[in-house]
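Structural features, examined
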Amino acid sequence: MKDAATSTSQVNMLQQKLYSARQAIDEMNEAQNEKLQLLMQFIGQLSLACKGQNLELDNKLAKLRHKLANFSQVEDSLADLNEADTILKQQYGRIMLQLEDSRQALNNMVGQIQRIQSLPSKLKLEINYFKKELSKPLHTYWDYIPKVERVVNFYDEILKEQFNLGEQFEILPRHRQSAHELAQLLSEIEFRKEQREQIAEIKKSLTEEFELNTLLDAYQVVLGLLLDNIAREKTASQEFLYVLNNALSNVQEVVTESYSHSIKSFQVAKQLNRDINGQVDNVGEAVIEVDNIDELKSQITTHLASLRKALGRKELLENREQAQLKQSVEALRQELKELGKETESYKERLFEQQKLNLLDSLTQLPNRSALEERMDIEYRNFQRTNQPLWVAVADIDHFKTINDNFGHSTGDKTLQVIAMALKNSLRESEFVARYGGEEFVLLLPNIAESDILPLLNRVREKVKSIPFKFKNQRITVTVSIGAAQIIENELINETFDRADAALYKAKNESRDRVIVDF
Ligand SMILES: Nc1nc2c(ncn2[C@@H]2O[C@H](COP(=O)(O)OP(=O)(O)OP(=O)(O)O)[C@@H](O)[C@H]2O)c(=O)[nH]1
């Protein structure tokens, strides 16, 4: 009796221990699952953040996510995680190289801007400061884009500045007054017969709308004609010399006016103004001090000759300035045009890249990103029309042995041939993508429940009938397929998971078969 009581208590104790051990195992499993879930979430977010940057990385992460769902512990995924880590590091290195190239290109552009001579000093300072900043390495594209914007702004400011410079040669009320006075003077002076037609033309040009150049030219021509007259001793009167003195003051005023605005040739213009002022003063003094008319004539002739020379130099300078202005505006336009062209080709490359980003480079089938886009479209269609929509996942059986026995490149060719066979066995409205590795996903809209199994079996048979011959050996390659139809209130990813689970069953049962999750 006592023995029986002892045994019962021992059994109770053992039961207690067993219960505690089970609880501990459950807790451990739960903790393990939480870790896996966390890792899956993390890989999911990482795939989204990196999507489209590197095809190999996209595929690796997709595969990893898929595999994690089937792993029972985190440790199983370590090898794949290491591979993804290596690709991520390589991608980082590539981005850094690209950024360094872009930084150098910006640096060159800034160097070109700095060579433009007429930069206002404020802009020069800003550009110097910017160039210093640009000497530091860039870490992300977000560092790069504002810098490009800044360079474009510099070009913009320079263009504005150049146009403003052009506007400084505007006709002011003062110039109109001078033109009026000169026209008046011309009426008072008696010119030689053969000069009169030219004088009439000048007078006419001074009463119409004119440019500053017209006024300066008029002064120059009139001075030339007068000088000629003095040389011929025809109109050498005291009165005439006073008039001439007035005319020269006007020239002085206009020349000073037009040059005080020019930033580029400020120094040269100052010197020129000094020359011209000096000449005018000399003529004034000559008129007042010299009594002997012959000596006066000869002095005026000399002074006017040097004045003419100064005016000639002024004209040369002006032409050179305008040519330089035109040249730098032209250079800037060219730069902007190049920038425009560059942007256009960048857009094209981006477009091509986007297209490439949606294609798997090995099989030329749509890749995982394209699949996600198409899944969204088909899902929306389904919500709108409620027409049947099937998701099927096909996986090549024992593909690893093909790689192991015949080499990786044979494996690649096999993938290409099977990809083509899958594509060719579908209709236009149906879709197949390479999901990653040796796995393909099919989206099949508008297929009745009774038709899906025969359809997928035809696909399976089609692959099986491909006459592969490796190293003179006839090989049959098969696929296993799992499929599911989207049901009401289900997300398409959930349908995908059911199809994937059906594939898992097909693999476990015998491979080379189709299982539909009805
Ligand atoms: N040649 C080649 N092999 C690849 C590519 N992507 C993945 N693989 C290989 O595909 C093989 C997949 O192996 P597993 O996932 O073990 O599957 P399996 O050998 O097909 O076996 P089951 O699916 O279980 O029938 C691995 O050996 C990968 O290296 C690829 O682009 N080219």
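Residues numbered from 1 in each chain as written. Predicted model: local features only at pLDDT ≥ 70, side-chain atom pairs only at ≥ 80, totals over all residues.

- Per an unreviewed UniProt entry, the protein carries the name diguanylate cyclase and comes from Shewanella pneumatophori.
- Looking at the protein in UniProt, the text filed under Cofactor (unreviewed entry) is "Mg(2+)".
- Among the UniProt annotations of the protein, the heading Catalytic activity (unreviewed entry) holds the following wording: "2 GTP = 3',3'-c-di-GMP + 2 diphosphate". (UniProt positions renumbered as here; feature names shortened; annotations may be inferred.)

Overview of the overall build of the protein
- Within the protein one finds 16 helices and 7 strands.
- Evaluated residue by residue, the protein yields a buried proportion of 21% over its 518 residues.
- Looking at the protein alone, contacts between residues at least 24 apart form 67% of all its contacts between residues at least 6 apart. (Helix = DSSP H or I, 4+ residues; strand = E, 2+ residues; numbered from the N terminus. Buried ≥ 20, exposed ≤ 12 C-beta atoms within 10 Å, placed from the backbone. Contact = placed C-beta atoms within 7 Å.)

Considering the sheet that holds strand β1 (residues 389–396)
- Across the sheet, which stays open at both edges, the 5 strands sit in the order β2-β3-β1-β6-β7 with mixed pairing between neighbours. This sheet does not close on itself; its edge strands, each paired only once, are β2 (431–436) and β7 (514–517). Averaged over neighbouring strand pairs, the angle between their axes works out to 20° when direction is ignored.
- Bridge count between β2 and strand β3 (residues 439–445): 5 bridges; the pairing is antiparallel. By the bridge assignment for β3, Ala433 is matched with Val441.
- The sheet strands contacting helix α12 (residues 368–385) are β1, β2 and β3, and the helix crosses β2 at an angle near 135°. (Pairing = 2+ DSSP bridges. Axes fitted to C-alpha atoms, helices over the stretch in contact; angles between N-to-C directions.)

Side note on the UniProt feature "coiled-coil region" (unreviewed entry) in the protein
- UniProt's entry tags residues 11–41 and 322–349 with the feature "coiled-coil region" (unreviewed entry), counted in the numbering of this structure.
- In the segment residues 11–41, helix accounts for 100% and strand for 0%; the C-alpha atoms at its two ends are 45 Å apart.

Quick look at unusual backbone geometry
- The backbone phi angle of Asn472 is positive, close to 65°, even though this residue is not glycine.
- Position of Asn472 among the secondary structure elements: in the loop between β4 (468–470) and β5 (473–475).
- For Asp512, which is not a glycine, the phi torsion comes out positive at approximately 45°.
- When you line up the elements, Asp512 lands in the loop between α16 (492–509) and β7.
- The exposure class of Asp512 is partly exposed, given the 19 C-beta atoms found within 10 Å.

Considering the pairing of β2
- Most of β2 sits out of view: 6 of its 6 residues are buried.
- Here β2 folds back onto β3, and the loop between the two strands holds 2 residues, one of which, Gly437, carries a positive phi near 50°.

Description of the environment of Lys60
- Relative to the elements of secondary structure, Lys60 occurs in helix α2 (residues 55–70).
- Linking Lys60 and Asp80, residues 20 residues apart in sequence, is a C-alpha distance of 8.0 Å.
- Setting aside anything within four residues of it in sequence, one finds Lys60 in contact with Glu83, Ala84 and Ile87.

Notes on the packing of helix α3 (residues 78–114) against helix α4 (residues 121–134)
- With their axes 10 Å apart at the nearest point, α3 and α4 run at an angle of 160° to one another. In terms of axis orientation, α3 runs roughly antiparallel to α4. Both α3 and α4 take part in a crossing whose hand is left-handed. Between α3 and α4, the residues in contact are Arg103, Leu106, Asn107, Val110, Ile113 and Gln114 and Ile127, Phe130, Lys131 and Leu134, respectively.
- Each residue belonging to the contact of α3 with α4 can be placed in one class, and the counts come to 6 nonpolar, 2 polar and 2 charged. (Parallel < 35°, antiparallel > 145°, perpendicular 65-115°, else oblique. Left-handed = near helix turned anticlockwise from the far one by under 90°. Nonpolar A, V, L, I, M, F, W, Y, C, P; charged D, E, K, R; others polar.)

Examining the site of the ligand
- Around the ligand lies a shell of 16 residues, among which Asp397, Phe399, Lys400, Gly411 and Gly437 are the nearest.
- Top contributing element to the shell around the ligand by residue count: helix α14 (residues 408–424), with 4 residues. (Near = placed C-beta within 6 Å.)

Some points on α16
- Along its 18 residues, α16 runs 26 Å from first to last C-alpha, staying within 8% of the 26 Å computed at 1.5 Å per residue.
- Considered for burial, the residues of α16 that qualify are Thr495, Phe496, Arg498, Ala499, Asp500, Ala502, Leu503 and Ala506.
- Contacts made by the buried residues of α16 are with β1, β6 (479–485) and β7.
- One or two positions beyond α16, positive phi appears at Arg511, with a value near 65°. (Expected span 1.5 Å × (residues − 1).)

Points about the nonpolar core
- Counting 48 residues, the largest nonpolar core has Val391, Ala392, Leu442, Ile481, Ala483 and Ala499 as the members making the most contacts within it.
- It is β1 that provides the largest number of residues to this core, a total of 7 residues.
- Two domains each provide a minimum of three residues to this core, namely domain 1 (2–72) and domain 4 (368–517).
- Ignoring anything within four residues of it in the chain, the contact list for Ile481 reads Ala392, Val393, Ala394, Leu456, Val459, Arg460, Leu503, Ala506 and Val514.
- One finds Ala179, Leu182, Leu215 and Val222 within the second-largest nonpolar core, a separate group that totals 7 residues. (Core = buried A, V, L, I, M, F, W, Y, C linked by C-beta atoms within 7 Å. Domains from an automatic or database assignment.)

What about α2?
- The terminal C-alpha atoms of α2, which comprises 16 residues, lie 23 Å apart, in line with the 22 Å expected from a rise of 1.5 Å per residue.
- Turning to α2, its buried residues are Leu57, Asp58, Asn59, Lys60, Leu61, Ala62, Leu64 and Leu68.

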